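Each chain, letter by letter, is given below.
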Amino acid sequence: MSTNILTCYRNIIEQIARENNIYEKKNFPCIIKILFDDYQMRSLDFFKFDFSFKINRRPKHLLRFSINDSGERVEFLNKIRSIIRLCYDGELRQQAEKAIYVIKAFPVTLGFEWAESDRAPTLKIEVECGPFLKNDILYKLCLISGYDPNMVGLYLRYEICALALVLCPNSNQMSIKLYFRYHALQELNKFSFLHNDFKSKFSVFFKNSPKKNVFYLAAVKLKKPGTIAFLKNYLIYETREFQCNFNPKERWSDIKKLKVPLLSINKFIYGLNNLYATFHSCIYPTALGLTFLNSTRAKEISMYCSVLPYEYGTHQTN
């Protein structure tokens, strides 16, 4: 991926931060420096960054973005450690540093959610464990973060493809989120921990989703000692298509078929037109997320986007 695109990502994140009074916060410039300085993108063979929005309500978290370890594996854990030491202290920092030691062999994505009122971001350390998650790893993470290993261990009967450790500075706690991958909506029935009402609503929302180059994730955030806090379902585009027949316009068309309200996204995109022109880039959707706190609470829709060189298509959504 070109240096132009790397700079474009950084500028997008910084502009969102400025618009939401986050840019001047004590830790923000330092975090950006840790993540982006002295790093050169080397190819388009991997997906590296995204940023996201809650698009059907006023967002609680005003700046949301993530970055993974593709292209810099060894250095990335040191970046995470530096950010943890910068943002957190006490027991939360100790828990996080112990957890990093446990997960250090796995691919990692680092996610940020930062509201104007927060002194530091909520940090999500997502671990892609595929079929290789061992009982002892989840057991160790439960002990570190204060969960009941027996309750959380019940989820091992399903194939956990990823897990996330969520560090929240406001509560000074670390929580666990588990991800389960599937390829067709009817496969939701195999997850007995999902209430039928959730399965129905997820299926209805995604019924017009594309059939190729996508997969789904069912995600469960756990509260202590190991019960469900909330559920989220993701439609995620495969990244392997980058090297062949990639068409951002088709992705925007898919989003329209799902009747996602795009007004706020359009406003954001056109507000950054100068950036896209400067860096010869286009924005495209990478995922949609649908959240339910329980079977009666209103749903929350999140859209995840990224940027590629302009020759892959245009960023127009209409």
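In this text the structure is predicted, and so the values were computed from the model without any measurement. (Residues numbered from 1 in each chain as written. Predicted model: local features only at pLDDT ≥ 70, side-chain atom pairs only at ≥ 80, totals over all residues. Heavy atoms only, no water.)

K.L.:
Go over the packing of aromatic side chains, please, and point to the residues and values.
P.N.:
Using the criterion set out here, one finds 23 aromatic pairs in the structure. Ring geometry for Y155 versus F193: centroids 5.2 Å apart, planes at 75 degrees, classification edge-to-face. A residue pair is termed long-range when its members are at least 10 positions apart, and Y155 in the loop between α6 (149–152) and β5 (160–168) and F193 in the loop between β6 (173–182) and α7 (196–205) qualify at 38 residues. Judged by its relative accessible area of 8%, Y155 is buried. Accessibility expressed as a relative area gives 16% for F193, which makes it buried. With 5.0 Å between their ring centres and 85 degrees between their planes, F205 and F206 make a pair best called edge-to-face. Relative accessible area serves as the criterion here: at 11%, F205 is assigned to the buried category. (Phe/Tyr/Trp six-rings, centres within 6.5 Å; stacked < 30°, edge-to-face > 60°. Helix = DSSP H or I, 4+ residues; strand = E, 2+ residues; numbered from the N terminus. Buried < 20%, exposed > 50% of the residue type's maximum accessible area, 1.4 Å probe, protein only.)

K.L.:
Give a description of unusual backbone geometry that names residues and reports values.
P.N.:
Of note, the bond from K224 into P225 is cis; its omega dihedral lies within 30 degrees of zero at 10 degrees. Position of P225 among the secondary structure elements: in the loop between β7 (214–223) and β8 (227–237). Positive phi outside glycine occurs at N21, with the angle close to 60 degrees. Its location among the elements puts N21 in the loop between α1 (3–19) and α2 (28–36). A positive phi angle, near 60 degrees, is found at K259, a position not held by glycine. By the element assignment, K259 lies in the loop between α8 (248–257) and α9 (263–271). Given the relative accessible area of 70%, K259 is considered exposed.

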